[in-house]
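Spelled out from the first residue to the last, the chains are:
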Amino acid sequence: MNLMAGKLFDDAELAWIRDQFYYVDRDFEGTRRLFFDNAGGSLRLKAAEEAFHRVDRIPDCSEHSNKIALYLDAIERQGRRDLMECVFGARSGVLYPSYTASQIMMEVCRVLSANARGTNVVTTALEHPSSYDGMKYYAQVHNREFRVADVNKKSGGVDAETVIGLIDKNTAMLSCMYASNISGYIYDIETIFRRAREINPDIFIICDAVQHAPHASLDPEKYGIDAMNFAPYKFFGVRGFSVAYLSDRAASFMHHRLLGKPADDWSIGSPAPAHYAAISEIVSYVIGLGKTQLPSETDRRKLFVAGMDRIAEHERALLAVALEGTERVPGLRHMPGVHVAMDGADLGIRDFIIGVEFEGLSCVDAVKEYEKRGVIAFERSADSIYSKRMVEAFDSKGVVRLSPLHVNSVAEMEEFLRVTQEIAAL
Ligand SMILES: Cc1ncc(COP(=O)(O)O)c(C=O)c1O
């Protein structure tokens with residue numbers, strides 16, 4: 001095991017962490033299992049779920065004048081502060097809440113495309129269809145060349161130089177995700193976005209942070225991003241809500257809104273304060289993890305960043321266990337019949353996602369074999385519109401995607417490795 005990769009929570013803290021989530025090692029029917037499909041929708045934080053239900057059962061209407069309506073307004077205000085100050089670490093810009101991250105992305109593509117200037121747009125081969133298709137569709141609408149940066153088959157990602165090589169002074173827009181939801185590769189957005197602005201200072205920059213948000217802190221202002229979205233249901237939270245940060249410039253463009261509201265207001269219709277209550281609990285949980293590291297710190301953003309750093313460190317240590325194994329069980333990289341796809345060597349630029357292929361077993365069948373043995377995984381198959389472009393870029397027909405979470409332990413990774421050995425021997 002590579003001890004340089006990451007840092008595990010100690011046993012007592014991990015036990016506490018596990019207790020904060022529902023269904024960590026049993027499904028809702030009580031059957032023991034390992035849930036390794038968090039990239040599809042993560043384990044839920046109990047406090048977020050409870051806050052959601054506590055607030056959602058209140059019938060009073062936000063924006064009305066009675067006492068409880070005002071209480072609901074205050075919950076939303078706090079949730080918005082937590083999102084802006086802690087999750088996005090932003091001092092300017094606005095929030096754009098919606099139902100799904102995909103809806104946000106499509107709308108952002110629409111609005112920014114209508115206001116951008118230039119003859120081409122750039123994106124990357126690993127983008128989720130919501131941004132890839134949104135960029136492509138509006139490139140057609142505005143008669144712009146659609147340029148796609150190809151993958152690096154070794155790293156499991158897209159090299160900064162490849163993206164930058166496609167950008168010129170006529171590039172109207174760049175959409176580049178923060179991390180891949182197939183390989184876990186973390187893009188070098190700092191270099192990509194800085195160079196993009198040097199080439200065309202007016203370029204619009206979109207960043208899909210849905211995959212990365214549960215594994216690290218975000219900083220859209222630092223990187224000059226115009227729109228960055230994430231989905232709370234993949235970040236310990238509740239389904240049916242997504243949110244984006246928009247730069248002041250992006251927020252000011254004409255968009256669907258009630259015309260009596262401020263020009264930079266992107267919320268349409270009745271607010272849903274229960275979702276903001278859930279967000280505040282997620283932020284408090286992460287801040288709590290930061291506080292054990294920085295007990296005298298009071299700045300909530302710094303504590304949030306410290307908490308996310310600890311999550312990333314624990315996950316990186318578990319990723320090293322999965323790949324390299326322990327003295328008790330070999331890692332995926334050393335297991336006959338198993339191939340780790342998109343297996344970049346630098347664990348420092350990988351979120352906690354692993355893609356595995358089996359000799360003589362399709363990813364769909366392998367996922368079924370995992371489930372029989374109590375491991376929930378997901379097939380990223382070339383038959384799915386959500387995976388085809390990405391897995392084919394790596395010359396694969398499909399991979400089993402395993403996406404554990406920071407709640408998992410070394411013992412669980414070993415259990416998963418034993419199950420994988422069994423499947424490889426079928
Ligand atoms: C990287 C990435 N972007 C966007 C999305 C879309 O999120 P939603 O289902 O909220 O539209 C997903 C969902 O899997 C994703 O993984």
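Because the structure is a prediction, the values reported are computed rather than measured. (Residues numbered from 1 in each chain as written. Predicted model: local features only at pLDDT ≥ 70, side-chain atom pairs only at ≥ 80, totals over all residues.)

## Comments concerning the sheet that holds strand β13 (residues 398-402)
As summarised here, the arrangement of the 4 strands in space is β9-β10-β13-β12, forming an open sheet in which the pairing is antiparallel. Each edge of the open sheet carries a strand with a single partner, namely β9 (338-341) and β12 (378-381). The sheet shows a mean angle of 35° between the axes of neighbouring strands, taken without regard to direction. (Pairing = 2+ DSSP bridges. Helix = DSSP H or I, 4+ residues; strand = E, 2+ residues; numbered from the N terminus. Axes fitted to C-alpha atoms, helices over the stretch in contact; angles between N-to-C directions.)

## As for the domain arrangement of the protein chain
Splitting the protein chain by domain gives domain 1 (11-44 + 300-424) and domain 2 (50-282). Using only C-alpha atoms to locate each centre, domain 1 and domain 2 end up separated by 26 Å. Facing the 32 residues of domain 1 at the interface are 32 residues of domain 2. Looking at the side of domain 1 that touches domain 2, the elements with two or more residues in it are α10 (300-324) and α12 (388-393). A per-element tally of the side of domain 1 that touches domain 2 places α10 first, with 8 residues. (Domains from an automatic or database assignment. Contact = placed C-beta atoms within 7 Å.)

## Quick word on unusual backbone geometry
Glycine aside, residues mostly have negative phi angles, and peptide bonds mostly take the trans form. Although it is not a glycine, glutamate 63 sits at a positive phi angle of roughly 75°. Within the secondary structure, glutamate 63 sits in the loop between α2 (46-56) and α3 (67-87). Glutamate 63 gets classed as exposed once you count the C-beta atoms within 10 Å, which come to 11. Its identity is not glycine, yet phenylalanine 236 carries a phi of approximately 70°, on the positive side. Among the structural elements, phenylalanine 236 can be located in the loop between β7 (227-230) and β8 (242-246). (Buried ≥ 20, exposed ≤ 12 C-beta atoms within 10 Å, placed from the backbone.)

## Some remarks on the site of the ligand
Within the structure, the ligand sits among Thr100, Ala101, Ser102, His128, Ser130, Met177, Asn181, Asp208, Val210, Gln211, Ala231 and Ser242. Here the residues of the shell around the ligand sort into 4 nonpolar, 7 polar and 1 charged. (Near = placed C-beta within 6 Å. Nonpolar A, V, L, I, M, F, W, Y, C, P; charged D, E, K, R; others polar.)

## Considering the nonpolar core
Looking at soluble globular proteins, one finds that nonpolar side chains tend to be buried together. Counting residues in each nonpolar core, the largest one holds 140 residues, and the members touching the most others are Tyr187 and Cys207. For this core, the leading source of residues is α10, giving 14 residues. When residues are assigned to domains, this core turns out to be shared by domain 1 (11-44 + 300-424) and domain 2 (50-282), each giving three or more. Setting aside anything within four residues of it in sequence, one finds cysteine 207 in contact with Cys176, Met177, Tyr178, Ile189, Pro220, Ile225 and Met228. (Core = buried A, V, L, I, M, F, W, Y, C linked by C-beta atoms within 7 Å.)

## Quick word on the pairing of strand β2 (residues 94-98)
Within β2, 5 of the 5 residues are buried, which leaves it mostly tucked inside the rest of the structure. Side chains of β2 alternate between two faces, with Val94, Tyr96 and Ser98 and Leu95 and Pro97 buried alike. Bridging between β2 and β8 involves 5 bridges; their strand directions are antiparallel. In the sheet register, valine 94 faces β8, and the bridge partner there is leucine 246.

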